[in-house]
Amino acid sequence: MLDDLKNKLGEEIERLTHELQVVLPEAIKKAVEHGDLRENSEYKSALERQQFVQARLNHLTRRAGELSKMDLTQIPADRIGFGSRVTVTDMRTREEETYTLAFGDFIDLDSGQISMASALGQTLMGKKEGEKVSIQLPRGERKLHIKKVQTLQQMVQGAE
């Protein structure tokens, strides 16, 4: 999971770097050739995109740096942490949901990945199988029973 995340970040960093160093300078150059820059929407659009790409690139570079510092041996093997796959039962509706705790601000609810920084992620962190947790959401309190926990170490050991 950690390697997949590093690869995704690396690919996006590479794509954005290419856009910043090759694609956007060409777009800006073309826009400048059209003349008056004060009323040139192509120029303004290219500059705005350039600022966005630079900000996104800075953000991704910081995240990649944080990931490279992560030590898998420091992730708990007996409780919920980064990479853990957690099955919970909503105590009111009895519905079961499975989540994988992801790094940083990453969220992909369709695949069941939630950020460790999210309210749910923070509530689950450090908990063990069998525990009951309560999370305060805008629509009210939600009580969950942690039915099953598979830690990153357990997944890695199972793959060996």
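Residues numbered from 1 in each chain as written. Predicted model: local features only at pLDDT ≥ 70, side-chain atom pairs only at ≥ 80, totals over all residues. Heavy atoms only, no water.

Details of the overall build of the protein chain
Next, step 1: Within the protein chain one finds four helices and five strands.
Next, step 2: The helix and strand sequence of the protein chain, counted from the amino end, reads α-α-β-β-β-α-β-β-α.
Next, step 3: For the protein chain, buried positions account for 33% of its 160 residues.
Next, step 4: Sequence separation of at least 24 residues holds for 50% of the intrachain contacts in the protein chain that already meet a minimum separation of 6.
Next, step 5: Within the structure as shown, the protein chain displays about 10300 Å² of accessible surface, and the carbon and sulfur contribution to it stands at 48%. (Helix = DSSP H or I, 4+ residues; strand = E, 2+ residues; numbered from the N terminus. Buried < 20%, exposed > 50% of the residue type's maximum accessible area, 1.4 Å probe, protein only. Contact = heavy atoms within 4.5 Å. Areas by Shrake-Rupley, 256 points an atom, 1.4 Å probe, with all protein chains shown as cover.)

Some words on the sheet that holds strand β1 (residues 85–90)
Strand pairing in a sheet relies on backbone hydrogen bonds. The paired strands run either parallel or antiparallel.
Next, step 1: Strand order in the open sheet formed by five strands is β3-β2-β1-β5-β4, with mixed pairing between adjacent strands. If you trace the sheet from one side to the other, it starts and ends with β3 (113–115) and β4 (132–137), each paired once. Direction aside, neighbouring strands of the sheet carry axes that sit 45 degrees apart on average.
Next, step 2: Pairing geometry for strand β2 (residues 96–102) and β3, over three bridges, is parallel. The partner of Leu-101 across the bridge, within β3, is Ile-114. (Pairing = 2+ DSSP bridges. Axes fitted to C-alpha atoms, helices over the stretch in contact; angles between N-to-C directions.)

Things to note about the environment of Ser-134
Next, step 1: Along the chain, Ser-134 falls in strand β4.
Next, step 2: Considering only alpha carbons, one finds Ser-134 and Leu-120, 14 residues apart in sequence, at a separation of 9.2 Å.
Next, step 3: Setting aside residues no more than four positions away along its own chain, Ser-134 makes contact with Thr-123, Glu-141, Arg-142 and Lys-143.
Next, step 4: A distance of 2.3 Å separates the side chain of Ser-134 from the side chain of Glu-141, its partner in a polar contact. (Polar contact = N/O pair within 3.5 Å; in protein donor to acceptor, adjacent residues only side chain to side chain.)

Concerning unusual backbone geometry
Next, step 1: Of note in the backbone geometry, Arg-94 takes a positive phi value of approximately 65 degrees without being a glycine.
Next, step 2: Mapped onto the elements of the fold, Arg-94 is located in the loop between β1 and β2.
Next, step 3: When its relative accessible area of 60% is taken as the criterion, Arg-94 is described as exposed.

Quick look at the side chain of Ser-84
Next, step 1: Relative to the helices and strands, Ser-84 is located in the loop between α2 (41–69) and β1.
Next, step 2: For Ser-84, the side chain forms a polar contact with the main-chain nitrogen of Gly-81, separated by 3.0 Å.
Next, step 3: Each residue touching Ser-84, except ones within four places of it in the same chain, is listed here: Arg-79, Tyr-99, Thr-100, Leu-101, Gln-150, Thr-151, Leu-152 and Met-155.

Overview of the pattern of salt bridges
Next, step 1: Per the stated rule, a full pass over the model turns up eight salt bridges.
Next, step 2: One salt bridge in this structure joins Arg-79 and Asp-78, with 3.6 Å as the shortest N-O distance.
Next, step 3: Its relative accessible area of 29% is what places Arg-79 among the partly exposed residues.
Next, step 4: The exposure class assigned to Asp-78 is partly exposed, which follows from its relative accessible area of 46%.
Next, step 5: Overlapping salt bridges bring together Glu-12, Arg-15 and Arg-56 as one network. (Salt bridge = Lys/Arg side-chain N within 4 Å of Asp/Glu carboxyl O.)

Description of the pairing of β2
Next, step 1: As defined by bridge partners, β1 adjoins β2 across five bridges and the pair is classed as antiparallel. Considered in β2, the bridge of Arg-85 is made with Thr-100.
Next, step 2: As consecutive antiparallel partners, β1 and β2 are separated by five residues, and within that stretch Arg-94 has a phi angle of approximately 65 degrees, a positive value.

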